[in-house]
Amino acid sequence: MSRRTAIFRLTHRRGAARASRLLAVLPVLICTVGLLAMIANTATGAGSRADLVLSGIVTAVWGLFVAVYVLRIWSAPEAPNQHAVSATATGARLDYMLSASGWIDLMAVLALPAGWLTGLPHRDAQLFAIVWALKYIRQSSGLAVLLRVLRRALPALVSVVTVFFVVLLIAATLSYLFERAAQPETFRSIPHALWWAIVTLSTTGYGDVVPVTIWGRVLAAWVMVSGIVIFALWAGIIANAFAEELQRRHFLRTWDLVAEVPFFQTLGAAAIADIVRLLHVRHVSAGTVVIRKGQAGDSMYFIVSGEATAMLVPEPVKLSPGAFFGEMALLFGTPRSTTVVITKPSVLLVLDVADFRILAGRRPELINVIEAEGRRRREENAALHDA
Ligand code: CMP
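For the structure given in this document, a descriptive report is provided here. Quantities reported herein were computed from a predicted structural model and do not represent experimental measurements.

## Digging into the site of the ligand
Stage number 1. The environment of the ligand is formed by 15 residues, the closest being Gly326, Glu327, Arg336, Ser337 and Asn381.
Stage number 2. Between the ligand and Glu327, the relevant distance is 2.5 Å, taken from an oxygen atom to a side-chain nitrogen or oxygen of the residue.
Stage number 3. Contacts to the ligand include Arg377, whose side-chain N or O atom sits 3.1 Å from an oxygen atom.
Stage number 4. Contact with the protein chains removes 99% of the 460 Å² of surface that the ligand exposes when unbound.
Stage number 5. For the shell around the ligand, the secondary structure elements donating two or more residues are helix H15 (327-332) and helix H17 (364-386).
Stage number 6. Taken together, the residues of the shell around the ligand break down into 7 nonpolar, 4 polar and 4 charged.

## Some thoughts on the packing of helix H10 (residues 154-179) against helix H11 (residues 190-201)
Stage number 1. At a minimum axis separation of 8 Å, H10 and H11 run at an interaxial angle of 125°. In this view, H10 runs oblique relative to H11, as classed from their interaxial angle. Every pair of crossing elements has a handedness; the one defined by H10 and H11 is right-handed. On H11, the residues that touch Phe164, Val167, Leu168, Ala171, Ala172, Thr173, Ser175 and Tyr176 of H10 are Ile190, Ala193, Leu194, Trp196, Ala197, Ile198 and Leu201.
Stage number 2. Classifying every residue of the contact of H10 with H11 by side-chain character gives 13 nonpolar, 2 polar and no charged.

## Comments concerning the packing of helix H4 (residues 49-75) against helix H6 (residues 100-117)
Stage number 1. Packing of H4 against H6 leaves a shortest axis separation of 10 Å and a crossing angle of 140°. By the criterion of interaxial angle, the relationship of H4 to H6 is oblique. With respect to the hand of their crossing, H4 and H6 are arranged in left-handed fashion. For the pair H4 and H6, the contacting residues are Val58, Trp62, Phe65, Val66, Tyr69 and Arg72 in the first and Gly102, Asp105, Leu106, Ala108, Val109, Leu112, Pro113 and Trp116 in the second.
Stage number 2. Broken down by class, the residue content of the contact of H4 with H6 amounts to 11 nonpolar, 1 polar and 2 charged.

## What to know about the nonpolar core
Stage number 1. Counting 25 residues, the largest nonpolar core has Phe263, Phe264, Leu279, Met300, Phe302, Leu349 and Leu351 as its most contacted members.
Stage number 2. Every element with two or more residues in this core is listed here: helix H12 (214-260), helix H13 (262-265), helix H14 (269-276), strand E3 (299-310), strand E6 (340-352), helix H16 (353-362) and H17.
Stage number 3. Ranked by the residues each element gives to this core, the list is headed by H14, at 4 residues.
Stage number 4. Among all residues touching Met300, those that are not within four sequence positions of it are Phe324, Phe325, Gly326, Glu327, Leu330, Leu349, Val350, Leu351, Phe356 and Ile370.
Stage number 5. Core analysis: the next-biggest nonpolar cluster, separate from the first, contains 23 residues, Val209, Leu219, Ile230 and Ala241 among them.

## Regarding unusual backbone geometry
Stage number 1. Here the bond from Val313 into Pro314 is cis, since omega is 10°, no more than 30 degrees from zero.
Stage number 2. If you trace the backbone, Pro314 turns up in the loop between E3 and strand E4 (317-319).
Stage number 3. Although it is not a glycine, Thr203 sits at a positive phi angle of roughly 55°.
Stage number 4. Within the fold, Thr203 resides in the loop between H11 and H12.

## Here's the deal with the pattern of salt bridges
Stage number 1. Under the counting rule described, the total for this entry stands at 16 salt bridges.
Stage number 2. The closest approach of N and O atoms between Asp105 and Lys135, which form a salt bridge, is 3.1 Å. Linking Asp105 in helix H6 with Lys135 in helix H8 (residues 134-139), this pair joins segments that are 30 residues apart in sequence. When sorted by exposure, Asp105 lands in the same class as Lys135, which is buried.
Stage number 3. The structure contains a network of salt bridges with shared partners spanning Arg148, Arg152, Glu244, Glu245 and Arg248.

## A few points about a nonpolar patch on the surface
Stage number 1. A cluster of nonpolar residues, Val25, Leu26 and Leu29, forms a patch on the protein surface that exposes about 230 Å² of accessible area.
Stage number 2. Looking at the secondary structure, you find Leu29 in helix H3 (residues 21-41).

## Focus on H16
Stage number 1. All buried positions along H16 are accounted for by Asp355, Phe356 and Leu359. Along H16, the residues classed as buried sweep out an arc of 110° about the axis, all on the same side.
Stage number 2. Buried positions along H16 lie against H14, strand E1 (279-284), E3, H15, E6 and H17.

## Observations regarding the environment of Pro184
Stage number 1. Considering the arrangement of structural elements, one finds Pro184 in the loop between H10 and H11.
Stage number 2. Using a relative accessible area of 52% as the deciding quantity, one classes Pro184 as exposed.
Stage number 3. As a C-alpha pair, Pro184 and Val109 span 75 residues in sequence and 53 Å in three-dimensional space.

## Notes on the packing of aromatic side chains
Stage number 1. The full count for this structure, using the stated rule, is 14 aromatic pairs.
Stage number 2. A centroid spacing of 4.9 Å and a plane angle of 55° characterise the contact between Phe264 and Phe302, whose relative ring orientation is tilted. With Phe264 in helix H13 and Phe302 in strand E3, the pair connects residues that are 38 residues apart, well separated along the chain. Like Phe302, Phe264 is buried.
Stage number 3. Aromatic rings pair up to connect Phe263, Phe264, Phe302 and Phe324 into one cluster.
Stage number 4. Sitting above the plane of the Phe332 ring, Arg378 keeps its charged end 4.0 Å from the centroid.

Conventions and cut-offs
Residues numbered from 1 in each chain as written. Predicted model: local features only at pLDDT ≥ 70, side-chain atom pairs only at ≥ 80, totals over all residues. Heavy atoms only, no water. Near = heavy atom within 4 Å. Polar contact = N/O pair within 3.5 Å; in protein donor to acceptor, adjacent residues only side chain to side chain. Areas by Shrake-Rupley, 256 points an atom, 1.4 Å probe, with all protein chains shown as cover. Helix = DSSP H or I, 4+ residues; strand = E, 2+ residues; numbered from the N terminus. Nonpolar A, V, L, I, M, F, W, Y, C, P; charged D, E, K, R; others polar. Axes fitted to C-alpha atoms, helices over the stretch in contact; angles between N-to-C directions. Parallel < 35°, antiparallel > 145°, perpendicular 65-115°, else oblique. Left-handed = near helix turned anticlockwise from the far one by under 90°. Contact = heavy atoms within 4.5 Å. Core = buried A, V, L, I, M, F, W, Y, C linked by side-chain atoms within 4.5 Å. Buried < 20%, exposed > 50% of the residue type's maximum accessible area, 1.4 Å probe, protein only. Salt bridge = Lys/Arg side-chain N within 4 Å of Asp/Glu carboxyl O. Patch = residues over 30% accessible without salt bridge, like charges linked within 9 Å, V, L, I, M, F, W, Y side chains within 5 Å. Arc of directions from axis to C-beta. Phe/Tyr/Trp six-rings, centres within 6.5 Å; stacked < 30°, edge-to-face > 60°. Lys NZ or Arg CZ within 6 Å of the ring centre and 35° of its normal.

Here it is as structure tokens:
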């Protein structure tokens, strides 16, 4: 491995995550240390020993960010899957610098110098380090999902925000109309009434401004209930979009795995799409007992990668990628015939008993293959038992 490849793996998230978990969380840790030092320094006396130490930490973290940024630019040509535009080293470097991650890294590098250039006292200049918080976005794949979810749900969210503003304007106008005589100071204009409207509509209710007229109170009740409905709608839309996104990701990931299993390879895309919805992915470490002899069976398994062993007596049977197990209990309604242990870290596709029945209805040809193998195994075991 060249030195540049090693640096790429160390500094770019994809490589680091593979190298080790510590390397994957290190940038977050460093960023957190820098931010905590900056925050803590606002509580120390200027020029004190603590101020010196904390300022030193902030500057050291900034130095690390500069070094990592330079190394990232230098090692960018090592990124896999370089497409034609970025086939040259300069192209690859520009690709990184112009990517969202590249911009965030650049802003993190420029934050402190920007603060120093303002001529503010050094502790105030350090406040610019708050830009480093953007690094959390860079590191978090969860936030990337959230952004995608928000983008998908945008039209529905915009409609809810529109309703929010319509209700807000109506509430402010009506409260101005109902309350201005009784409270001429607080409700002297619609902009003034807007404060009450937003505090009430958001169901915050500070209580600093309250309607005193009967119609003002009726209006307040309507605004409060509308607020609850609007936020419930808002939360529902986001939760629904989240569920859809997770389902989509699950579908794509499972699709790739299903396509790897020879058992399913004869099927067309439509049939695979049908089956993908029924299967669940399970990553299992070596030594895990997936099936225990004598227990009731509620699912069967397809091995995508790794290895499982059916602990048959006298000779255990190794099951390799492409094989399946756990079908006998589902087919024949019997307890588990033997214990099955995972002997190499494995990826399994799990088919629950209910989904097994659905599959039997939709794809009888698949179940026939499973059944034939189940019968063969049962006879083999009976023959061994009799011997
Ligand atoms: P089940 O009986 O549900 O649970 C144990 C599983 O071990 C069984 O289904 C089969 O999938 C598998 N198994 C049992 N006997 C054999 C065999 N002779 N060869 C391969 N696999 C077997």
